[in-house]
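# Commentary on secondary and tertiary structure
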Amino acid sequence: MRQLGAEDPEEWASSELEEDIAQEARWLAIRQIREAITWTPEGIRRIPEVTSLLEAGADEQLILAAVREVAREAAFTVLNVIDSTGDPDAPEDSPGWMLLEARVDPEGEPYLTGRDVGALHESLGFPAEDGVYRD
């Protein structure tokens, strides 16, 4: 977990071992999501609407903060839906979903471990001022 960049890797590893929670898979998913939604000043300039706002005199730091928060809220909402295991408004016999941990066997074939990789929305966190997410 330390090699994967987790803050407080001992806590993640302890939870995996003691509670049999797929914390490594959970962290790997959260890490990629955080990287995908971490906006930089250079990144927001690729958005034509942001370029127009900047050219009109808008404050870059304010736009950056807004874009980061919108991205975090969108990611949180999607993760919350994934974590919900089903549509609460759908008929009772409707299918649901869940994210399960997968591994690869020695022959290179993927298989499911059966361990749920849930509660992702709880680990998303908030970006620091520099846009980098920290636990």
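Relevant structure appears above.
### Considerations on the pairing of strand β1 (residues 100-104)
- For β1 and strand β2 (residues 110-116), the ladder comprises four bridges, and the chain directions are antiparallel. Note that in β2 the partner of L100 across the bridge is D116.
- Hairpin connection from β1 to β2: five residues lie between these consecutive antiparallel strands, with G108 at a positive phi of about 90°.

### A short note on the packing of helix α1 (residues 9-19) against helix α2 (residues 23-36)
- At a closest axis distance of 8 Å, the pairing of α1 and α2 adopts a crossing angle of 135°. For the element pair α1 / α2, the angle class is oblique. Touching W12, S15 and E16 of α1 are Q23, E24, R26 and W27, all from α2.
- For the contact of α1 with α2, the class distribution of residues is two nonpolar, two polar and three charged.

### Digging into the nonpolar core
- Within the largest apolar cluster, 12 residues are counted, these being A6, W12, A22, W27, I30, I37, A71, A75, L79, V117, L120 and L124.
- Put simply, the parts of the chain that give this core at least two residues each are α2 and α5 (60-83).
- Here the element with the most residues in this core is α5; it accounts for three residues.
- Ignoring anything within four residues of it in the chain, the contact list for L79 reads I30, I33, L120, H121 and L124.
- In terms of nonpolar packing, the next biggest core, distinct from the first, is built from five residues, I44, I63, L64 and V67 among them.

What counts as what
Residues numbered from 1 in each chain as written. Predicted model: local features only at pLDDT ≥ 70, side-chain atom pairs only at ≥ 80, totals over all residues. Heavy atoms only, no water. Pairing = 2+ DSSP bridges. Helix = DSSP H or I, 4+ residues; strand = E, 2+ residues; numbered from the N terminus. Axes fitted to C-alpha atoms, helices over the stretch in contact; angles between N-to-C directions. Parallel < 35°, antiparallel > 145°, perpendicular 65-115°, else oblique. Contact = heavy atoms within 4.5 Å. Nonpolar A, V, L, I, M, F, W, Y, C, P; charged D, E, K, R; others polar. Core = buried A, V, L, I, M, F, W, Y, C linked by side-chain atoms within 4.5 Å. Buried < 20%, exposed > 50% of the residue type's maximum accessible area, 1.4 Å probe, protein only.

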